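Spelled out from the first residue to the last, the chains are:
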Amino acid sequence: MYKFVKRDEALDETMGGDSLYALTQANNEVYAKIMAIYRAYVNEKDKHTIAEAGVSYFSMLELFNNLLGDSDAALNDDRIAAELFKRNAEKARAITGKTNAPAFITHLDSTIEATAASFRETLAALRNSFKLTYRHTDIVSLLKTTKVVTKPGLVKSRVFETAYILDRILDKKRFLATSLLLGIMHVERFQTHKDTDTKRPYYNQGSALFTLLTFSYTPALSVEQNKAWSEKVLSIFEETPQDDTFSKEELIGQLRRLHMGLKWATELATEVEKKGAAGVQAQIANWKKKIAGHEKSLQALKSDRVQYGWKMFGSCLGIYNELLPTTYVEAAEMWGQFNAPGYKRVVSDDSPSPMGREGMLDTFDKALGAESFWEKTDFASFGLTLSASALTEMSYVGPVARILGWYTSSNHAGLSCSDCKTVHGSRVSLVRLWHRCSKCQKVYCAHCASGLALYAVMALGVVGTVGGWWMGMGTALYSATVGWATGSTATHTTSRFMARKCKSCGTQTAALY
């Protein structure tokens, strides 16, 4: 395994080297197909750009839907693996650890499920993963050049878009192609962002590897912290009097000293006060159950199977094979090396440097501050399952997005409504018609389109509440080009609506499908 040397230049290399990314780049048949999809998308950049107060953000959501919906079988994992092993079997074997393409794909499919489960393990851990990336000075410098980090709305869009893309990649539907696309996208977009003095790229082996570890390794640290905190809460309830000496105020005070929110602490203490000894015993049982859940999660997160999936993902990004951990122990060692005093490009959590970092963290907290809001609203409305048990086994159908276990089209993912800012491709937006003004190009969802009469067509009426949004879909029928249950390559929603005028300029709008 690679050992860091005590100088920052050790990880300044550009992406490539001994990696699946480099192998693909050398195989023009695969690389050219993925690059063509990327180039076509970039040519329509204006259609996918979101703006906030003069700062624009180029959304990549629909790009990945385009690749997943492409009918070219050469983009399937088994075909890509076969090409890579055929062109350079020796390097392919060294990187994958497998003797041939079929063996590699079989192992990849079995391990990627564990990798996906680790990614979706806890929302709090995922939030921490994003925030930890701000500890790498090259990442801070790179993000500052985009100015996206200065706008809370765009920060939220960036974070959820990244989570959505990773969610799609880890679905095992074209894992290699989507991972390689992400690698190509990053290199193409960030290769010109360099240090003014040294001309070294900010997107390099070190910054990419550190970011990868925040997703592959640090979620276990977050769960360990939650487990330790839960054990402290349990000890409080185990020492809580179960007779008339019980004090509600004292219990609230003890829980608050553990930084438990006032509302939650008051609710727990009130419940204990009502039920007496039975209430205390119920809390003890509840917190023991939570701790057991954390222990089970840690067992899964620390599995070496998790690391294999992340290693292949990192290799597709262009990280050198010798840098990528293959076990949890190696990941822990590498995280320690990044955080050692000798590695100057990673700063402590409370460091004010480099310049601009504090402002970025402040904007992040404004955009994604409260954990309860993060859990109950944002992820629910954005359409991420983030729970391995909620995943379905249905075949992938065209350019689609998951919504509560069933599928519908999302051909304009990434656009945001000019009024409510709902993101097209989110769980909320999928049950709405969208339309764009032909003159000023503003986009509106059906919820904000004044007087829109909607007769959405789906297999059965759906009435649901997601993230606080009520969606009534009474008489509805769903129509697909081919039955999606059998894995069709394209779907579309047939809808009838009365045309309405743009709220901004009065021009009649055109429907988006």
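Since the structure is predicted, the reported quantities are computational estimates derived from the model, not experimental observations.

Rules used in this analysis
Residues numbered from 1 in each chain as written. Predicted model: local features only at pLDDT ≥ 70, side-chain atom pairs only at ≥ 80, totals over all residues. Heavy atoms only, no water. Helix = DSSP H or I, 4+ residues; strand = E, 2+ residues; numbered from the N terminus. Contact = heavy atoms within 4.5 Å. Areas by Shrake-Rupley, 256 points an atom, 1.4 Å probe, with all protein chains shown as cover. Pairing = 2+ DSSP bridges. Salt bridge = Lys/Arg side-chain N within 4 Å of Asp/Glu carboxyl O. Buried < 20%, exposed > 50% of the residue type's maximum accessible area, 1.4 Å probe, protein only. Axes fitted to C-alpha atoms, helices over the stretch in contact; angles between N-to-C directions. Parallel < 35°, antiparallel > 145°, perpendicular 65-115°, else oblique. Left-handed = near helix turned anticlockwise from the far one by under 90°. Phe/Tyr/Trp six-rings, centres within 6.5 Å; stacked < 30°, edge-to-face > 60°. Lys NZ or Arg CZ within 6 Å of the ring centre and 35° of its normal. pLDDT = per-residue confidence, 0-100. Expected span 1.5 Å × (residues − 1). Bend = angle between axes of the 7 residues up to and from the residue. Polar contact = N/O pair within 3.5 Å; in protein donor to acceptor, adjacent residues only side chain to side chain.

### Notes on the overall build of the protein
- Looking only at helices and strands, the protein has 19 helices and 11 strands in total.
- In the protein, the proportion of contacts linking residues at least 24 apart, taken out of those at least 6 apart, comes to 71%.
- Surface exposure of the protein reaches about 22600 Å², of which carbon and sulfur atoms provide 52%.

### What about the pairing of strand E2 (residues 55–58)?
- Of the strand pairs in this sheet, strand E1 (residues 49–52) and E2 are connected by 4 bridges, and their pairing is antiparallel. Counterpart to Ala51 in the pairing with E2 is Ser56.
- Hairpin remark: E1 followed by E2, antiparallel, with 2 residues in the connecting loop; positive phi at Ala53, about 50°.

### A word on the pattern of salt bridges
- In total, this model carries 17 salt bridges according to the counting rule given.
- Of the charged contacts in the structure, one is a salt bridge between Glu83 and Lys86, with a shortest N-O distance of 3.2 Å. With Glu83 and Lys86 both in helix H4 (residues 77–87) and 3 residues apart, this pair spans about one turn of that helix.
- With a relative accessible area of 12%, Glu83 lands in the buried category.
- The partner of Glu224 in a salt bridge is Lys302, with the nearest N and O atoms 2.7 Å apart. Of the two residues, Glu224 sits in helix H12 (residues 218–238) while Lys302 sits in the loop between helix H15 (277–301) and helix H16 (304–317), which places them 78 residues apart along the sequence.
- On the basis of relative accessibility, which here comes to 29%, the residue Glu224 falls in the partly exposed class.
- Accessibility expressed as a relative area gives 31% for Lys302, which makes it partly exposed.
- Shared partners join several salt bridges into a network, and the residues in it are Asp12, Asp138, Arg200 and Arg345.

### With respect to the packing of helix H2 (residues 28–42) against helix H10 (residues 175–190)
- Between H2 and H10, whose axes approach to 10 Å, the crossing angle comes to 60°. Between H2 and H10, the crossing angle belongs to the class labelled oblique. The two elements H2 and H10 cross, and the hand of that crossing is right-handed. Residues Tyr31, Ile34, Met35, Tyr38 and Arg39 of H2 lie in contact with H10, whose contacting residues are Ala177, Leu180, Leu181, Ile184, Met185, Glu188 and Arg189.

### As for the packing of aromatic side chains
- Under the defined criterion, the tally for this structure stands at 17 aromatic pairs.
- With a centroid separation of 5.3 Å and an interplanar angle of 40°, the aromatic rings of Tyr217 and Tyr328 are classed as tilted. Here the residue Tyr217 occupies a position in the loop between helix H11 (205–216) and H12, and Tyr328 occupies one in helix H17 (residues 328–338), the gap between them amounting to 111 residues. Judged on exposure class, the residue Tyr217 and its partner Tyr328 are both buried.
- Aromatic pair Trp310 and Phe313: ring centres 5.7 Å apart, planes at 80°, arrangement edge-to-face. Of the two residues, Trp310 and Phe313 are both situated in helix H16; the distance of 3 residues between them amounts to about one turn of the helix. A single burial state applies to Trp310 and to Phe313, both of which are buried.
- Through pairs of rings, three or more aromatic residues link up here, namely Phe210, Tyr217, Tyr328, Trp335, Phe338 and Tyr343.
- Here Lys290 stacks its cationic end above the ring of Trp287, 5.2 Å away from the centre of that ring.

### With respect to the confidence of the model for the protein
- Counting all residues, the mean pLDDT for the protein is 75, and 69% of those residues have values of 70 or more.
- Here residues 371–414 is modelled with pLDDT under 50, and outside its nearest four sequence neighbours on either side it reaches 149 contacts, counting other chains as well.
- Counting contacts from residues 449–500, a segment whose pLDDT is below 50, to residues more than four positions away or on other chains yields 116 contacts.

### Here we look at helix H6 (residues 101–119)
- The terminal C-alpha atoms of H6, which comprises 19 residues, lie 26 Å apart, in line with the 27 Å expected from a rise of 1.5 Å per residue.
- Of all the bends in H6, the largest measures some 30° and sits at Thr111.
- Buried within H6 are the following residues: Ala101, Phe104, Ile105, Leu108, Thr111, Ile112, Thr115, Ala116, Ser118 and Phe119.
- Put simply, Asn100 is the residue that caps the front of H6, since its side-chain oxygen is 2.8 Å from the backbone nitrogen of Ala103.

### Quick look at the packing of H2 against helix H3 (residues 61–69)
- For the pair H2 and H3, the least separation of the axes is 10 Å and the interaxial angle reads 140°. Classified by the interaxial angle, the pair formed by H2 and H3 is oblique. Along this stretch, H2 crosses H3, giving a crossing that reads as right-handed. Residue-level contacts link Ile34, Ile37, Tyr38 and Tyr41 of H2 to Leu61, Glu62, Leu63, Asn66 and Leu67 of H3.

### Concerning the side chain of Thr115
- Along the chain, Thr115 turns up in helix H6.
- Judged by its relative accessible area of 0%, Thr115 is buried.

### Structural notes on the side chain of Gln283
- As for its placement among the helices and strands, Gln283 is situated in helix H15.
- The class of Gln283 is buried, set by a relative accessible area of 9%.

### Remarks on the environment of Asn286
- Inspection of the secondary structure assignment puts Asn286 in helix H15.
- Each C-alpha atom, one on Asn286 and one on Leu234, is 8.8 Å from the other, the two residues being 52 residues apart in sequence.

### As for unusual backbone geometry
- The omega torsion across Ser353 and Pro354 is -5°, close enough to zero to call that bond cis.
- Its place among the elements puts Pro354 in the loop between H17 and helix H18 (357–367).
- At Lys147, a residue that is not glycine, the phi angle is positive and equals roughly 65°.
- Mapped onto the secondary structure, Lys147 falls in the loop between helix H8 (137–146) and helix H9 (152–169).
- A positive phi is found at Lys199, a non-glycine position, where the angle reads about 65°.
- For Lys199, the position within the fold is in the loop between H10 and H11.

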